[in-house]
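# Summary of structural features
So you can see what is in the structure, the chains are spelled out below.
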Amino acid sequence: MKCKKCGQRASVNMPQHNLGLCREHFLEWVPEQTERFIKKYAMFTHEEKILVAVSGGKDSLSLWDILHRLGYRADGLYIALGIDEGVDYSVESQRLAEKFAAERGLTLHVVNVQEQTGKTIPEWAETSLRGRQKPCAVCGLVKRHEMNRIARDLGYDVLATGHNLDDEAAVLFGNTLSWSREYLLRQAPVLPGTPGLARKVKPLCRFYEREMAAYALLRGIEYIYEECPYSAGASSIRYKELLNQLEHDQPGAKLAFYLKFLDARQQGLFSAQEEKQLELHPCPNCGQPTSAPGLCSYCRMVGEFGG
Ligand code: Q46
Ligand code: ZN
Ligand code: ZN
């Protein structure tokens, strides 16, 4: 395939878009498309302060790189989870996030979960889940809480995460299989902010995972290749494989699945009453918004198992 812009040999072929691009034009195309999605979904403006949740992986570092190239005011947040037993996953991902920031003169905030809460994520899982389940449930809870806390305390307008289309389509697939209307209701490129809670945005939600991998590679971004050791066997990985099989036979199927869901949302998939369910109440302890009145899940966990 040839580059659609200059006719040279294409470095990246994207059959789903019927598009091939050389290195130079692909590296231009990705930020252009990102800017288009930011505007289309009214994610943020150049005046707003953005906090990018950075894991050290290809998606979040590429997102930070793209926003920086587009001239947005974006700082990073790295949350050290303490997942290092025999793998050095957290240590290595923190090193790469810090290196990325230092090389570009960008601001990176680092929160250490153990210093903040007294326990690492595996230790929290050991006590609160009695070691019976994978730590992901507590990990998600703690990460969300810390991201919201830092965004609020440091005055960021927007919290941006690096979820790509494969992530979003897999989540959508899982929620559709179980018809979890409550979770479906919360899946969108933009979740509006409320007092005390920054708006949440996913600027890469329309990029295929392999497009982001190509971007990181061609930009020379050094990122952690290993997945978190606890991600093995997650249902989202199986859903990704299934969707990839479908995509293989039918290029563009993954994107159509996600975009048609967004269209259906716009056309009133959910009733006004359901949309209202998204309204949140402040937690009496930490002040962070929570779906049910009373303490939020994070404060309940720390209250019960902390100390
Ligand atoms: S939730 Fe689970 Fe991830 Fe936390 S414990 Fe690892 S796999 S990092 S996205
Ligand atoms: Zn070209
Ligand atoms: Zn709370």
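Just so you know, the residues in each chain are numbered from 1, in the order the chain's sequence is written. Here the convention is simple: chains get letters from A, ligands get numbers from 1, in the order in which they are written. Per-residue local features are limited, in this predicted model, to residues with pLDDT of at least 70; the limit for side-chain atom pairs, both in listing and counting, is 80 or more; totals at the level of whole chains, interfaces and linings are taken over all residues. Side-chain measures here rest on the full set of heavy atoms in the structure, leaving out hydrogens and waters.

Our next topic: the overall build of the protein. Each helix and strand counted, the protein has 13 helices and ten strands in total. In terms of C-alpha radius of gyration, the protein reaches 20 Å, essentially the compact-globule figure of 19 Å for 307 residues. Expressed along its principal axes, the backbone C-alpha trace of the protein runs to roughly 65 × 45 × 40 Å. Here the protein, with 307 residues, has 49% of them falling under the buried criterion. A separation threshold of at least 6 residues defines the contact pool for the protein, and within that pool the share at least 24 residues apart is 69%. Carbon and sulfur atoms provide 50% of the accessible area of the protein, an area that totals close to 15500 Å². Measuring between centres, the 38 positive side-chain charges of the protein sit 4 Å from its 38 negative side-chain charges. Each helix is a run of DSSP H or I of at least 4 residues and each strand a run of E of at least 2, with the numbering of both proceeding from the N terminus. In this description the radius of gyration comes from C-alpha coordinates, and the expected globular size is given by 2.2 Å times residues to the power 0.38. For every residue, the accessible area obtained with a 1.4 Å probe (protein chains only) is divided by the maximum for its type, and the residue is called buried under 20%, exposed over 50%, and partly exposed between those limits. Contacts are residue-level and defined by heavy atoms, with any inter-residue pair within 4.5 Å sufficient. To measure how exposed things are, a 1.4 Å probe is used in the Shrake-Rupley method; for residues, cover is taken only from the protein chains shown. Asp and Glu are treated as the negative residues and Lys and Arg as the positive ones, with His and the ends of the chain left uncounted. For this purpose, a charge sits on NZ of Lys, CZ of Arg, CG of Asp or CD of Glu.

In the first shell of the zinc ion (ligand 2), the protein supplies Cys3 (SG), Cys6 (SG), Cys22 (SG) and His25 (ND1), at 2.1 to 2.3 Å from the metal. Shown as donors are all N, O and S atoms within 2.8 Å of a metal ion, widened to 3.2 Å for Na, K and Ca; because water is not in the atom set, sites may appear incomplete. Angle rules define the geometry names used: all angles between 85 and 135 degrees makes four donors tetrahedral, while opposite donors over 155 degrees apart and all other angles between 65 and 115 make four donors square planar and six octahedral, leaving every other case irregular. Seen from the zinc ion (ligand 2), its four donor atoms lie at angles of 97 to 115 degrees, and the figure they make is tetrahedral. Counting along the primary sequence, the residues that act as donors to the zinc ion (ligand 2) give the motif C-x2-C-x15-C-x2-H. For Cys3, a relative accessible area of 3% gives the class buried.

A few words on helix α2 (residues 58–69). An ideal rise of 1.5 Å per residue puts 16 Å on twelve residues; α2 measures up with 16 Å between its terminal C-alpha atoms. Among the twelve residues in α2, ten count as buried, and that is most of the element. All of the buried residues along α2 are Lys58, Asp59, Ser60, Leu61, Ser62, Leu63, Trp64, Asp65, Ile66 and Leu67. Looking one or two places after α2, you find Gly71, whose phi comes out positive at around 85 degrees. Helix span is expected to be 1.5 Å times the residue number reduced by one.

As a further point, take helix α1 (residues 23–40). For α1, spanning 18 residues, the distance from its first C-alpha to its last is 26 Å, which sits close to the expected 26 Å at 1.5 Å a residue. When we look at burial in α1, the residues that qualify are His25, Phe26, Leu27, Trp29, Val30, Pro31, Gln33, Thr34, Glu35, Phe37 and Ile38. Buried residues along α1 sit in contact with β1 (12–14), β2 (19–21), α2 and α9 (209–219). Ala42 lies just past α1 and shows a positive phi near 50 degrees.

To continue, consider the coordination of the zinc ion (ligand 3). Protein-derived coordination of the zinc ion (ligand 3) comes from Cys283 (SG), Cys286 (SG), Cys296 (SG) and Cys299 (SG), at a distance range of 2.3 to 2.4 Å. For the zinc ion (ligand 3), the four donor atoms are set out with angles of 106 to 113 degrees between them, so the coordination reads as tetrahedral. For the zinc ion (ligand 3), the donor residues sit on a single chain with the sequence spacing C-x2-C-x9-C-x2-C. Highlighted residues: Cys283 in the loop between β9 (281–282) and β10 (289–290) and Cys299 in helix α13 (residues 297–305), separated in sequence by 16 residues. Take Cys283 and Cys299: they sit in the same class, and that class is buried.

Turning next to the packing of aromatic side chains. Both the distance between ring centres and the angle between the ring planes are used here to describe each pair of aromatic rings. Aromatic rings from Phe, Tyr and Trp, with only the six-membered ring used for Trp, were paired whenever their centres fell within 6.5 Å, and each pair was classed as stacked if the ring planes differed by under 30 degrees, edge-to-face if by over 60, and tilted otherwise. Summed over all chains, the structure comprises eight aromatic pairs. Both rings, one in Phe26 and one in Trp29, keep their centres 6.0 Å apart while their planes meet at 25 degrees; by these two values the pair is stacked. Of this pair, Phe26 and Trp29 both sit in helix α1, three residues apart, which is roughly one turn of the helix. For Trp29, a relative accessible area of 9% puts it in the buried group. A ring pair is formed by Phe173 and Phe257, whose centres lie 6.3 Å apart and whose planes are at 75 degrees; its orientation type is edge-to-face. Within this pair, whereas Phe173 is found in helix α7 (residues 165–177), its partner Phe257 is found in helix α11 (residues 253–266), the two being separated by 84 residues in sequence. You can call Phe173 partly exposed: its relative accessible area is 23%. Phe257 sits in the partly exposed class, given a relative accessible area of 26%. By way of ring pairs, the aromatic residues Phe26, Trp29, Phe37 and Phe207 are connected into one cluster.

Nearness of a residue to a molecule or strand requires only that one of the residue's heavy atoms be within 4 Å of it. In the vicinity of ligand 1, the residues found are Leu81, Ile83, Cys136, Cys139, Lys143, Cys228, Tyr230 and Ser231. Each residue is assigned to one of three groups, with Ala, Val, Leu, Ile, Met, Phe, Trp, Tyr, Cys and Pro labelled nonpolar, Asp, Glu, Lys and Arg labelled charged, and all others, Gly among them, labelled polar. Tallied by class, the residues present in the shell around ligand 1 amount to six nonpolar, one polar and one charged.

Bringing the packing of α2 against helix α3 (residues 89–104) into the picture now. The convention used is that axes are lines fitted to C-alpha atoms, helices contributing only their stretch in contact, and that angles between N-to-C directions extend from 0 to 180 degrees. Look at α2 against α3: their axes get within 11 Å of each other, and the N-to-C directions meet at 15 degrees. By the angle class used here, α2 and α3 are roughly parallel. Crossing angle aside, the handedness with which α2 passes α3 is right-handed. When α2 is examined against α3, the residues Leu61, Trp64, Asp65 and His68 are found in contact with a partner set consisting of Ala97, Phe100, Ala101 and Arg104. Per-class residue counts for the contact of α2 with α3 are five nonpolar, one polar and two charged. Oblique is the label for any angle not covered by the other classes, which are roughly parallel (under 35 degrees), roughly antiparallel (over 145) and roughly perpendicular (65 to 115). Whether a crossing is left-handed or right-handed is set by the direction in which the near helix is turned from the far one by less than a right angle, anticlockwise for left-handed and clockwise for right-handed.

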